[in-house]
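As a plain string of letters, each chain reads:
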Amino acid sequence: MTKRLLFVFICIFLTGAPIQSNAQFWKSKKKKEAVARVPKPTPYEKLLKDPQQKAEGFINIYFVKNKLYLEVPFNLMGREMLLGSTISQISDNTSGVVGSKPFTPLQVEFSRVDSTLQLRRINKEMVAPMGEKNILEALEKNSLSAIMANFKIEAFNPDTTAAVIDVTGFFLKDIKELSPFNGSPAGLTRSQSFKSDRSFVGEVKSFEDNLTIKSHMSYDVTLKSKTVTVQKDEPFTAVMTRTLLLLSQNPARPRIADPRIGIFVSKKDKLSNSTNRSEQVFYAHRFNLIPSNIEAFNKGELVDPVKPITFYVDSDFPESWRSSIKNAINDWQEAFEKIGLKNAIRAIDYPTDDPEFDPDNLKYNCVRYSPSPVANAMGPSWVDPRSGEIINASVYVYHNIVKLLNNWMFIQISPADENVRQVILPQSYLDEGLRYVIRHEVGHCLGFMHNMGASAAIPVDSLRSPGFTQKYGTTYSIMDYARFNYVAQPGDKERGVRLSPPKFGLYDYFLVKWNYSYFSGCANAEQESERLTAMISEKANDPIYRYGKQQGYTMDPSSQSEDLGDDAIKASVYGIKNLKYVMNHLNDWVGEQDKDYSYRQTIWNGIISQYVRYLNHIYSNVGGIYLNEKYEGDPRPFFESVPRNRQEAALNFLLKEIKDLDWLEKREVIENMTLTGTPVNVLREKLVEVLLASSLKVSLSADKSLEKNPYTSKECMKDIFAAVWAETRKGKTLPDADKDIQKAFVKSIIEGSDLAKAEAGGKSALAANSLTGIQLPEFVKQKSIQDFGYEGFNEYLNPCYSEASFDSDPVSGFSGTTISFSLKPSLESLYYGYLLETKSLLERAVRTTRDNETKVHYQLLLHQIEKTIR
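(A) Region of the structure containing the nonpolar core. Membership of the largest hydrophobic core comes to 160 residues, with the highest contact counts inside it found for Ile329, Trp332, Phe336, Leu446 and Tyr516. Residue contacts for tyrosine 516: discarding those within four places in its chain leaves Arg255, Arg286, Phe287, Leu289, Phe336, Ile339, Leu341, Ile390, Leu446 and Phe448. Ranked by size, the runner-up nonpolar core spans 44 residues in total, among them Phe170, Val201, Leu211 and Ile213.

Below, the structure is given as structure tokens:
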């Protein structure tokens, strides 16, 4: 036995190990060596092993063991992006609209500090010329991007060019700017409590320049009115698509905006060594349309843009709507062809074979359908903050837009058009109406504001002219709120008068020319601005191209919502005549189609709303001031008081109209409707309050008037007093209408003289009411009132100015409608003087009046006055 074998036997005897052959021994040894050579998995591999979801793109996304990871390349550090949040699905569509982005997308960037990555919110509201290095460096120090979130680097990719971070907590966190909630339902206050245990991450996608993450966000929602809890901790879930979109490293050239044209803008503060102050500069919102063939374009040939504007049309729309919607989008091509661009805008259906397409992604402009009872449509857009370039624009169309169109046409043009005298709108009319609404909303998406003054350039009589209306319709801009031709009378359609808004107006072609013309010979935005400024200055004296700002409180009667023509009294007389015509024929027209009277109820409510709207149009002339955006050399003044004769005519019309409201309560129409009180008394009371408060408006208008004999507050009060007490001075027996007016007058004059305080707030009731104007009766102010408040702009009798300045808002032009210093003169003594005069008049009337009911009426008013002034 060899020594080796002896050694083996001894080892077996001592260890008890099984006897192993020589071959087995060497095989086992090789296996152990092989195992030793297998590398251990890296932290990257361990972390991202067996993902539930994986998406590769400019940033890779991994969803592993219910955690969400982003693999962020280091070459993206400092690259500017947009982070937006879109509602993709919702459990309660009264709290949000599928497809909408409740908040403006955030401008963000990633940064790295040691073992962490930061998501930072960019703040670059101040700019400087590229050549001024000192200012640019100072701005870098003074506009540090704020850290929104800090992420620990969990691992590096194999070549260490990217870091993996856990973003689960960020995308499942209730961040206001990414929330589904923005505002509360009308008349209610909403509070919500985020529930992380009922929230989770859904589908993820990543592409060449963007990614999307769907977060299922759950809340308990409570809604309260002033006095009642409407719902308590109601479960709510919204699927929010969060998009991270990489912005170009070379921003589009900004177009410097001009306040004399209605373009949405982004404001920047510009610093320069060449001026002694900072300046505000405004960038126009616009798609970046560049001709694909500059040489051919400069020769006057029609050329395609490098990147056309594409709107994707929701596949969920009712089939009967689809052609009207797509035609409305394509209609705008006509305006672009006038500036040398063909195929600049197009409408296509949602693609079914494009894996990148997602209607909730910021990259895609969509027209979305909302199956809700809201009667509305809107067209918001979102821009690259660096340049004003429109990145995303969408139109949201609510289902009840068809109800809105039906009501508009029935109430405004049924006297002139027998085809709309029915409950169901004919398809051709619905198609035309949808096309009108979508064209308007696409205009917003293209960067165009409302121009509320576009119809004011049209003489009212022209709206009954076949030749004029066939050529121009009801307004010079589709961006106006002009609606249908309520001036037209029975028989006018047969003569050839057009009853609908135009396809486009002259002002719309001018908008497209100003905002989208390509200037190949301009080296920078400043050179472009010179040409653009001259373009507007050339039209400065032409009322067709005047921009009438949208107003919160109507100061300028020539820039009003839903008015027609240059004379509010004349147009409203036609409109009111038509409303009475509808009331007289309503039962005959829809009786058999409206068995439960619900349609008639809706139309009656709408008639009241439309009537109050007409009163608004007239009332705004009392103490009104015309406003114009103006550059040096423009012929129109910045402001100009409404002439005395027009103010007096407006006031006298309203004072007469206030006594003739009984037609609103035609018994044959309302006797089978929901049991309600009377709107007439409410309207009379509120109208008196507003007319008395007009003295505040007239005071400012008189002060700014250039007339030798302007209309003053004292004359205004004198005219109101004379009209209210005319029958009393004649010793006549008063009808109920006069009694209601006098009661409202005494109530308002007591409050205006500041002798009686409102129960809350310490201000006189007149001062409070003067800011809100005539309100519609409560039974009209239900949710259905939104049917007549297209895009949320409900109309009541317009209020007079308050002591507070109006907000400066981009919708109202660069300067808003701000007025410096107090607007409210001290008129308490004026009211008190008329209170004493009223007392003397009532004392005489009590002694001389023979009619007992009229005498008791006077005694009651006298008692109220005496009780107040003791």
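(B) Quick look at empty space enclosed by the protein. As enumerated under the stated definition, the model contains eight cavities of 30 Å³ or more in all. Quantified by volume, the largest cavity comes out at close to 140 Å³. Arg260, Tyr545, Arg546, Glu629 and Arg636 are the residues nearest the centre of the largest cavity, which is lined by 13 residues in total. Of the voids in this model, the second largest cavity is the one considered here, and its volume is about 60 Å³.

(C) Expanded view of the pattern of salt bridges. Across all of its chains, the model carries 53 salt bridges by this definition. Of the charged contacts in the structure, one is a salt bridge between lysine 503 and glutamate 334, with a shortest N-O distance of 2.9 Å. Here glutamate 334 lies in helix α8 (residues 333–337) and lysine 503 lies in the loop between α12 (492–495) and α13 (506–516), a separation of 169 residues in the sequence. The class of glutamate 334 is partly exposed, set by a relative accessible area of 29%. Where arginine 546 meets aspartate 556, a salt bridge forms, and the shortest distance between an N and an O atom there is 2.8 Å. With arginine 546 in the loop between α14 (525–537) and α15 (568–590) and aspartate 556 in the loop between α14 and α15, this residue pair connects regions lying ten residues apart in the sequence. Of the residues examined, arginine 546 reaches a relative accessible area of 10% and is grouped as buried. Aspartate 556 sits in the buried class, given a relative accessible area of 2%. Counted as one network, the salt bridges with shared partners bring together Lys205, Lys214, Asp314, Asp358, Asp360 and Arg368.

(D) Region of interest: the pairing of strand β21 (residues 390–393). Across three bridges, strand β20 (residues 381–383) lies against β21 in antiparallel orientation. If you follow valine 383 over to β21, its bridge partner there is isoleucine 390. Counting the residues between successive antiparallel strands, the hairpin from β20 to β21 contains six residues, one of them, glycine 388, with a positive phi of roughly 85 degrees.

Calculation criteria
Position numbers for residues start from 1 in each chain and track the written sequence from start to end. The predicted nature of this model means local features are confined to residues of pLDDT at least 70 and side-chain atom pairs, given and counted, to a pLDDT of 80 or more, with totals for whole chains, interfaces and linings taken over all residues. Processing note: side-chain calculations cover all non-hydrogen atoms of the structure and skip hydrogens and water entirely. Nonpolar cores were defined as sets of buried Ala, Val, Leu, Ile, Met, Phe, Trp, Tyr and Cys residues, with membership established by side-chain atoms within 4.5 Å. For each residue, the accessible area found with a 1.4 Å probe, counting protein chains only, is set against the maximum for its type, and the residue is called buried under 20%, exposed over 50%, and partly exposed in between. A contact between two residues is defined here by any heavy atoms of the two lying within 4.5 Å. Cavities and pockets were defined on a 1 Å grid built over protein atoms only: a cavity is a set of grid points that admits a 1.4 Å probe from which the probe cannot escape, a pocket is an open set flanked by protein on both sides within 12 Å along at least five of seven lines, and lining residues are those with an atom within 4 Å of any such point. Grid points are joined across faces, edges and corners, and a volume is the space filled by probe spheres set on the points. We count a salt bridge whenever a side-chain nitrogen from Lys or Arg sits within 4 Å of a carboxyl oxygen from Asp or Glu. Here a strand is any run of E in DSSP of at least two residues, a helix any run of H or I of at least four, and the numbering for each starts at the N terminus. A pair of strands counts as paired when DSSP detects no fewer than two bridges linking them.

Everything listed is a geometric property; what it means functionally is a separate question.
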